[in-house]
Amino acid sequence: EAVRRAISVFSSSSFEYPMDNGAVVKVKITIDKESRSAEVDFTGSSPQLSSNFNAPRAIVRAATMYVFRTLVDDEIPMNEGCLKPIKLVIPEGCLLNPRYPAP
């Protein structure tokens, strides 16, 4: 409930971050005010890299959970429940969800 309350005050937005190596991380956050939920979509981020700049899906989930948890003023545990109102879209094969055997 605390994360849903935090989500409900935000508006949909998008952001693009170009990295020094030429790769780009894109994120589009779509807020559904009625359900007090969010879709965090990384579609459009660069394909997986042959370097160690890839991040496994688990890291992206953890970072997303951390960001939304920091928006909550209440004392709540940092656990999977924080992601319940959040739909994550992380395309397979991008640098945020690389295919094996990516470095």
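For the structure, check the block above.
The structure displayed is predicted, hence computed values, not measured ones.

Q: So, the pattern of salt bridges: which residues are in play, and what are the values?
A: Overall, the coordinates contain 5 salt bridges when judged by the stated rule. For D74, the salt bridge goes to R5, with nearest N and O atoms at 2.3 Å. Within this pair, whereas D74 is found in the loop between α2 (57-70) and β4 (86-89), its partner R5 is found in helix α1 (residues 2-7), the two being separated by 69 residues in sequence. Exposure remark for D74: the relative accessible area of 35% places this residue in the partly exposed category. Judged by its relative accessible area of 40%, R5 falls in the partly exposed class.

Q: Break down the sheet that holds strand β1 (residues 13-18) for me, citing the residues and quoting the values.
A: Taken in spatial order, the 4 strands make up an open sheet running β1-β2-β3-β4, and their pairing is mixed. Each edge of the open sheet is held by one strand with a lone partner, namely β1 and β4. On average, each strand axis in the sheet is tilted by 15° relative to the strand beside it, whichever way the strands run. Alignment of strand β2 (residues 24-32) against strand β3 (residues 37-41), held across 5 bridges, turns out to be antiparallel. Across the sheet, the residue bridging to I29 is V40, located in β3. α2 rests against β3 and β4 of the sheet, and its axis sits at about 145° to β4.

Q: Report on the side chain of N54, specifying residues and quantitative values.
A: With respect to the helices and strands, the residue N54 is situated in the loop between β3 and α2. Of note is the side chain of N54, whose polar atom sits 2.8 Å from the backbone oxygen of L49. Engagement of the side chain of N54 in a polar contact is seen with the backbone oxygen of S51, the distance being 3.2 Å. Once residues within four sequence positions are removed from consideration, N54 is found in contact with Q48, L49, L95, P98, A102 and P103.

Q: Please give an account of unusual backbone geometry that cites residues and values.
A: The step from Y100 to P101 runs through a cis peptide bond, and the omega angle for that step is 10°. Backbone geometry places R36, a non-glycine residue, at a positive phi of 55°.

Q: For the environment of R69, give the residues involved together with the corresponding values.
A: Residue position: R69 is located in helix α2. Considering only alpha carbons, one finds R69 and F53, 16 residues apart in sequence, at a separation of 25 Å.

Thresholds applied
Residues numbered from 1 in each chain as written. Predicted model: local features only at pLDDT ≥ 70, side-chain atom pairs only at ≥ 80, totals over all residues. Heavy atoms only, no water. Salt bridge = Lys/Arg side-chain N within 4 Å of Asp/Glu carboxyl O. Helix = DSSP H or I, 4+ residues; strand = E, 2+ residues; numbered from the N terminus. Buried < 20%, exposed > 50% of the residue type's maximum accessible area, 1.4 Å probe, protein only. Pairing = 2+ DSSP bridges. Axes fitted to C-alpha atoms, helices over the stretch in contact; angles between N-to-C directions. Contact = heavy atoms within 4.5 Å. Polar contact = N/O pair within 3.5 Å; in protein donor to acceptor, adjacent residues only side chain to side chain.

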